Amino acid sequence: MTPTPVDLLIEARWIIPVEPADTTLEHHAVAVHNGRIVAVLPTAEARLRYTAAETVSLPEHILTPGLINLHCHAAMTLMRGLADDLPLMRWLQEAIWPTEARHASTAFVRDGSLLAAAEMLRGGITTCNDMYFYPEATAEAFDRVGLRAVLGITIIEFPSQYASDADDYLHKGLATFDAWRDHPLIRFALAPHAPYTVADATLERIGSLADELELPIHIHIHETAQEVEDSLRTCGQRPITRLETLGLLGPNLIGVHAVHLNDGDIERLALHGCAVAHCPTSNMKLASGAAPVARLLDKGLNVGLGTDGAASNNRLDLFREMQQASLLAKLSTGDAAALPAHRALRMATLDGARALGLDHEIGSIATGKAADLCAVHIADPDALPCFHPVSHLIHVLGRHDVSDVWVAGQQRLQDGRLLQITNTELLSTARLWQNRLRQ
């Protein structure tokens, strides 16, 4: 048999493909051609069946799908650590919104997003679902380093440096959507900030546009108890009930945080097939609470993982989110079997892809999918012995162990080094904005 030529053959000690579920493959290889996975098979067989332009040997590594950050505010990396130890509304009103009013600009968002993209790629994140102003600047930053993204067309009612009102946010966001719609790695979502910052008429319009353009809706919901109480007082409804009344609940809705839910809220989300972006570290740091993830999963809801922004986390680290999600579920339910390691990894990969409507394209190591891949080195004595690789991924290893990353078959990280940008440039950018924000 004549070997078939391929672009890339990645040979790994372990491969965790995510689907089939609860599967770990040992001494297997992934064959990649034209940016897509053409086979996953034993290494010895792969060497006979394929001749590769490039072969990457990972003898002490775990290969996983690229991680998917289901909720982020990338540009807020420039405000990392700016205000800590505050509850959500004080954090927003006293620190974040005033800083944005002074500094938000195309340059601010481009530079902050560039720092965020570099941080995410170094931590094995290959796709980011972002929500922020100036999405064209975020697109430029992500495009430069080769990160796959879904960019939110952010909508709020009140003015900012970016736009004057809801119509202006939509107009500018849709213009960016039109300009970037043919990019192979950049997609878009409609991103009303939250029910408490967007009026009924605007939400109804967003629902219609989402259907017309076939875009996801990305929105914060039920993040704090105060948000729910305020909605009952001003609207006579809980926020999720209000969104249902306005026609926004559906399989294309990604509800972020979803911490303060009663049984009726969960039933509504499940009935309409909504997804949830769980952000455990941010929720804990802002003292917002612990989302009832085990109950959501029991009801069949799709739950992915997000970091939120670096201003409230304070790092864009899905390895930490996987571990925190798993531990928090066990603690909050009193059930040590809640959210096992394989499920936590699925939340950070295939479940995030499904929430974005991209599960046919990314989220698992499967024939026909894009070759978005993450290699994690497992050779240090403090990480050994290893009996269960997926358990190690969640409870032992971290983003510092990520060695190599590919997006659509193109290598973005090699032996821990970014290939599209230097640390010198990133450090210069970070220092520039630190000085500006201090003034």
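An account of the accompanying structure is given in this report. Every chain is numbered independently, its residues counted from 1 as its sequence is written. Residues qualify for local features only when their pLDDT is at least 70, as the model is predicted, and side-chain atom pairs are given and counted only at 80 or more; totals for whole chains, interfaces and linings, by contrast, use all residues. For the side-chain quantities, the full set of heavy atoms in the structure was used; hydrogens and water were omitted.

Things to note about the overall build of the chain
Alright, step 1. By definition, any uninterrupted DSSP run of H or I lasting at least four residues is a helix, any uninterrupted run of E lasting at least two residues is a strand, and each is numbered from the N terminus. Counting its secondary structure elements, the chain contains 16 helices and 16 strands.
Alright, step 2. The size measure is the radius of gyration over C-alpha atoms, and the globule rule it meets is 2.2 Å times the number of residues to the 0.38 power. For 439 residues, the compact-globule estimate of 2.2 N^0.38 gives 22 Å, and the C-alpha radius of gyration of the chain, at 21 Å, lies within 12% of that figure.
Alright, step 3. Only protein chains enter the accessibility calculation, which uses a 1.4 Å probe. A residue is then buried if its area is under 20% of the maximum for its type, exposed if over 50%, and partly exposed in between. Each of the 439 residues in the chain was classed as buried or not, and the buried ones make up 59%.
Alright, step 4. Contacts between residues were defined by any pair of non-hydrogen atoms, one from each residue, lying within 4.5 Å. Restricting the contact set of the chain to residue pairs at least 6 apart, pairs at least 24 apart contribute 72%.
Alright, step 5. Looking at the chain as shown, the accessible area adds up to about 17,000 Å², and 50% of this sits on carbon and sulfur atoms.
Alright, step 6. Here the chain contributes 35 positive and 52 negative side-chain charges, whose respective centroids are spaced 3 Å apart. Note on areas: Shrake-Rupley, 1.4 Å probe, and residue coverage restricted to the protein chains presented here. The sign given to each residue is positive for Lys and Arg and negative for Asp and Glu; His and the chain ends receive no count. To locate a charge, the coordinates of NZ of Lys, CZ of Arg, CG of Asp or CD of Glu are taken.

Some words on unusual backbone geometry
Alright, step 1. Residue Pro20 follows Glu19 across a cis peptide bond; omega there is 0°.
Alright, step 2. Counting through the fold element by element, Pro20 comes out in the loop between strand 1 (4–15) and strand 2 (25–33).
Alright, step 3. Note the cis peptide between Leu384 and Pro385, where omega equals 0°.
Alright, step 4. Within the element layout of this structure, Pro385 appears in the loop between strand 13 (373–377) and helix 15 (389–395).
Alright, step 5. Although it is not a glycine, His27 adopts a positive phi angle of roughly 55°.
Alright, step 6. Structurally, His27 can be placed in strand 2.
Alright, step 7. Positive phi values are uncommon outside glycine, yet His222 reaches one of about 50°.
Alright, step 8. Take His222: it is sitting in the loop between strand 9 (217–221) and helix 7 (225–235).

Section: the packing of aromatic side chains
Alright, step 1. Here is the rule: rings of Phe, Tyr and Trp (six-membered ring for Trp) pair when centre to centre is within 6.5 Å. Planes less than 30 degrees apart are stacked, more than 60 are edge-to-face, and the remainder are tilted. On inspection of all chains with the given rule, the structure shows eight aromatic pairs.
Alright, step 2. With 5.7 Å between their ring centres and 85° between their planes, Phe177 and Phe188 make a pair best called edge-to-face. Here Phe177 is found in helix 5 (residues 166–180), whereas its partner Phe188 is found in strand 8 (residues 186–192), with 11 residues between them in sequence.
Alright, step 3. Judged by its relative accessible area of 8%, Phe177 falls in the buried class.
Alright, step 4. Grouped by ring-pair contacts, the aromatic residues Tyr132, Phe133, Tyr134, Tyr162 and Tyr169 constitute a single cluster.
Alright, step 5. Its end group placed over the ring of Tyr162, Lys172 keeps NZ or CZ at 5.5 Å from the ring centre. Only Lys NZ and Arg CZ are tested; either one counts as a charge over a ring when it is within 6 Å of the ring centre and within 35 degrees of the ring normal.

Considerations on the pairing of strand 1
Alright, step 1. When strand 1 meets strand 4 (residues 50–65), the two strands line up parallel, connected through 10 bridges. Counterpart to Ile15 in the pairing with strand 4 is Leu63.
Alright, step 2. Note on pairing: two strands pair once DSSP finds at least 2 bridges between them. Sheet analysis places strand 1 next to strand 2, joined by seven bridges and oriented antiparallel. Bridge pairing links Leu8 to Val32 in strand 2.

Overview of the pattern of salt bridges
It is possible for side chains bearing opposite charge to pair when their charged atoms get close.
Alright, step 1. Any carboxyl oxygen of Asp or Glu within 4 Å of a side-chain nitrogen of Lys or Arg constitutes a salt bridge here. Enumeration according to the criterion identifies 25 salt bridges in this entry.
Alright, step 2. Ionic pairing is found between Lys285 and Asp84, a salt bridge with its closest N-O pair at 2.6 Å. With Lys285 in helix 10 (residues 280–285) and Asp84 in the loop between strand 5 (67–72) and helix 2 (88–103), this residue pair connects regions lying 201 residues apart in the sequence.
Alright, step 3. Look at the salt bridges and you will find they share partners, linking Arg80, Glu119, Arg315, Asp317 and Arg399 into a network.

Some remarks on the environment of Thr422
Alright, step 1. When you line up the elements, Thr422 lands in the loop between strand 16 (417–418) and helix 16 (423–438).
Alright, step 2. Each C-alpha atom, one on Thr422 and one on Gly255, is 35 Å from the other, the two residues being 167 residues apart in sequence.
Alright, step 3. In this structure the side chain of Thr422 is engaged in a polar contact, spanning 3.2 Å, whose partner is the backbone nitrogen of Glu425. Residues adjacent in sequence count toward polar contacts only when both atoms are side-chain atoms; beyond that, a polar contact is any pair of N or O atoms within 3.5 Å, and within protein one must be able to donate a hydrogen and the other to accept it.

Brief notes about the packing of helix 3 (residues 106–122) against helix 16
Alright, step 1. Where helix 3 meets helix 16, the axes come as close as 10 Å, and the angle between the chain directions of the two elements is 135°. Overall, the two elements helix 3 and helix 16 adopt an arrangement that is oblique. With respect to the hand of their crossing, helix 3 and helix 16 are arranged in left-handed fashion. Together, Ala107, Phe108, Asp111, Leu114, Leu115, Ala118 and Arg122 of helix 3 and Asn423, Glu425, Leu426, Thr429, Ala430, Trp433 and Leu437 of helix 16 make up the contact between the two elements.
Alright, step 2. Here the residues of the contact of helix 3 with helix 16 are counted per class, giving nine nonpolar, two polar and three charged. Interaxial angles span 0 to 180 degrees and are taken between N-to-C directions of axes, which are lines fitted to C-alpha atoms, for helices over the stretch in contact. Convention used here: angles under 35 degrees read as roughly parallel, angles over 145 as roughly antiparallel, angles from 65 to 115 as roughly perpendicular, and any remaining angle as oblique. Each crossing gets its hand from how the near helix is turned against the far one by less than a right angle, where anticlockwise is left-handed and clockwise is right-handed. Three classes are used: nonpolar for Ala, Val, Leu, Ile, Met, Phe, Trp, Tyr, Cys and Pro, charged for Asp, Glu, Lys and Arg, and polar for all others, with Gly counted as polar.

What about the nonpolar core?
Alright, step 1. Remark: nonpolar core denotes a set of buried residues (Ala, Val, Leu, Ile, Met, Phe, Trp, Tyr, Cys) joined through side-chain atoms within 4.5 Å. In this structure, Trp91 and Phe142 are the most contacted members of the largest nonpolar core, which totals 120 residues.
Alright, step 2. The element best represented in this core is helix 3, accounting for nine residues.
Alright, step 3. Look past the residues within four positions of Trp91 in its chain and what remains in contact with it is Met76, Ala83, Leu86, Ile96, Leu286, Ala311 and Ser312.
Alright, step 4. Residues Ile10, Leu25, Val56 and Trp406 belong to the second largest nonpolar core, which totals 16 residues.

With respect to the side chain of Ser312
Alright, step 1. Structurally, the position occupied by Ser312 is in the loop between strand 12 (302–305) and helix 12 (318–333).
Alright, step 2. A polar side-chain atom of Ser312 sits 3.2 Å from a polar atom in the side chain of Ser282.
Alright, step 3. Not counting chain neighbours up to four residues away, the residues in contact with Ser312 comprise Trp91, Ser282, Lys285 and Leu286.

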